[in-house]
Amino acid sequence: MRVILASSNKGKIQEIQKLLGVEVVPYKDILGELEIVEDGESFKENAIIKAKAIYERLPDEIVIADDSGISVPALGGEPGIYSARYAGVGASDKENLQKLISKLKEKGLERTPAYYTAAIAIASGSGIYTTHGWMWGEVIDEARGDKGFGYDPMFIPEGYDKTLGELDEDVKKRISHRAKALELAKVVLEKIK
Ligand code: IMP
């Protein structure tokens, strides 16, 4: 069994392949580069938009898409679905992280609750299924450590006293939002294959 991934991020391909235990083929290998407009209003809607866009072109395949981000309740849920472009379209991970740090500083928040969300959409001849996973913790107003990516250096997961930038990467693999959503996606795949 193989699944087509609606992303070409190498880290994601490996992580998903390992967690699902099936062959994962990036859509670009078959279809080339496509521009998919992610204009949904939730992680779930954006994951579905991506999965559908690829599945419409590959109707004999099982297509998986994911969408993820970090939300800070004290900032009204920001950056949320805008996590990848918080500091503007095309912004780097570092610029997005610095923007979130500045927002916390503006509000005088040294530390405040936050959570990561991952939504996964699976499109196949059986229809569209979605799963979610969350990782709760706190964000701090500085970056510590250089492991992980994105907002990891400012995120302290619940039950730990270090950021994901400082913690061993194996810890994140066990507790991450994406790992949890993929666990559930695995159950869906077993049903539809
Ligand atoms: P996308 O799911 O590829 O659209 O990425 C969403 C954005 O959310 C990324 O660019 C990161 O900024 C952020 N993000 C999602 N998951 C993580 C994570 O596990 N660590 C750090 N940042 C993340």
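Residues numbered from 1 in each chain as written. Predicted model: local features only at pLDDT ≥ 70, side-chain atom pairs only at ≥ 80, totals over all residues. Heavy atoms only, no water.

Caption draft 1: Local environment of the layout of surface pockets. In this structure, the largest pocket encloses a volume near 1,500 Å³. Put simply, the parts of the chain that give the lining of the largest pocket at least two residues each are α1 (10-20), α3 (43-57), β3 (63-72), α4 (93-106), α5 (169-175) and α6 (177-192). Take the lining of the largest pocket: its biggest share by element is six residues, from α1. Split by residue class, the lining of the largest pocket holds 13 nonpolar, 15 polar and 15 charged. (1 Å grid on protein atoms, 1.4 Å probe; cavity = no way out; pocket = protein on both sides within 12 Å on 5 of 7 lines; lining within 4 Å. Points joined across faces, edges and corners; volume = space filled by probe spheres on them. Helix = DSSP H or I, 4+ residues; strand = E, 2+ residues; numbered from the N terminus. Nonpolar A, V, L, I, M, F, W, Y, C, P; charged D, E, K, R; others polar.)

Caption draft 2: Structural detail: the site of the ligand. Neighbouring the ligand are 14 residues, the closest being K12, S68, D152, K172 and R178. Between the ligand and Y116 there is a distance of 3.4 Å, counted from a nitrogen atom to a side-chain nitrogen or oxygen. Contact between the ligand and Y151: a nitrogen atom at 3.3 Å from a main-chain N or O atom of the residue. Expressed as a share of its isolated accessible area of 490 Å², the protein-covered part of the ligand is 88%. Most atoms of the ligand, that is more than half of them, are within 2 Å of grid points of the largest pocket. Listed by contribution, the elements that provide at least two residues to the shell around the ligand are β3 and α6. At three residues, β3 tops the list of elements feeding residues into the shell around the ligand. Taken together, the residues that form the shell around the ligand break down as four nonpolar, five polar and five charged. (Near = heavy atom within 4 Å. Polar contact = N/O pair within 3.5 Å; in protein donor to acceptor, adjacent residues only side chain to side chain. Areas by Shrake-Rupley, 256 points an atom, 1.4 Å probe, with all protein chains shown as cover. Sits in = over half its atoms within 2 Å of the grid points.)

Caption draft 3: Here's a closer look at the pairing of β3. With nine of its 10 residues buried, β3 lies for the most part within the structure. Direction of pairing for β3 relative to strand β5 (residues 111-124): antiparallel, over a ladder of nine bridges. Note on β5: the bridge partner recorded for I70 is Y116. By the bridge criterion, two bridges tie β3 to strand β4 (residues 78-79) in an arrangement that is antiparallel. (Buried < 20%, exposed > 50% of the residue type's maximum accessible area, 1.4 Å probe, protein only. Pairing = 2+ DSSP bridges.)

Caption draft 4: Representation of the packing of α1 against α6. Put simply, α1 and α6 touch, their axes get as near as 9 Å, and they point 50 degrees apart. Taken together, the axes of α1 and α6 are oblique relative to one another. Between α1 and α6 the crossing geometry is right-handed. On α6, the residues that touch K12, E15, I16, L19 and L20 of α1 are R178, A179, L182, A185, K186 and L189. A per-class count over the contact of α1 with α6 returns seven nonpolar, no polar and four charged. (Axes fitted to C-alpha atoms, helices over the stretch in contact; angles between N-to-C directions. Parallel < 35°, antiparallel > 145°, perpendicular 65-115°, else oblique. Left-handed = near helix turned anticlockwise from the far one by under 90°. Contact = heavy atoms within 4.5 Å.)

Caption draft 5: Layout of the nonpolar core. With 22 residues, the main nonpolar core has L100, V139, M154 and F155 as its most contacted residues. Of all the secondary-structure elements, those providing two or more residues to this core are β3, α4, β5, β6 (127-140), β7 (155-157) and α5. Here this core gets four residues from one element, more than from any other, and that element is α4. If you look at the next biggest cluster of nonpolar residues, it comprises 18 residues, including I62, I122, A185 and I192. (Core = buried A, V, L, I, M, F, W, Y, C linked by side-chain atoms within 4.5 Å.)

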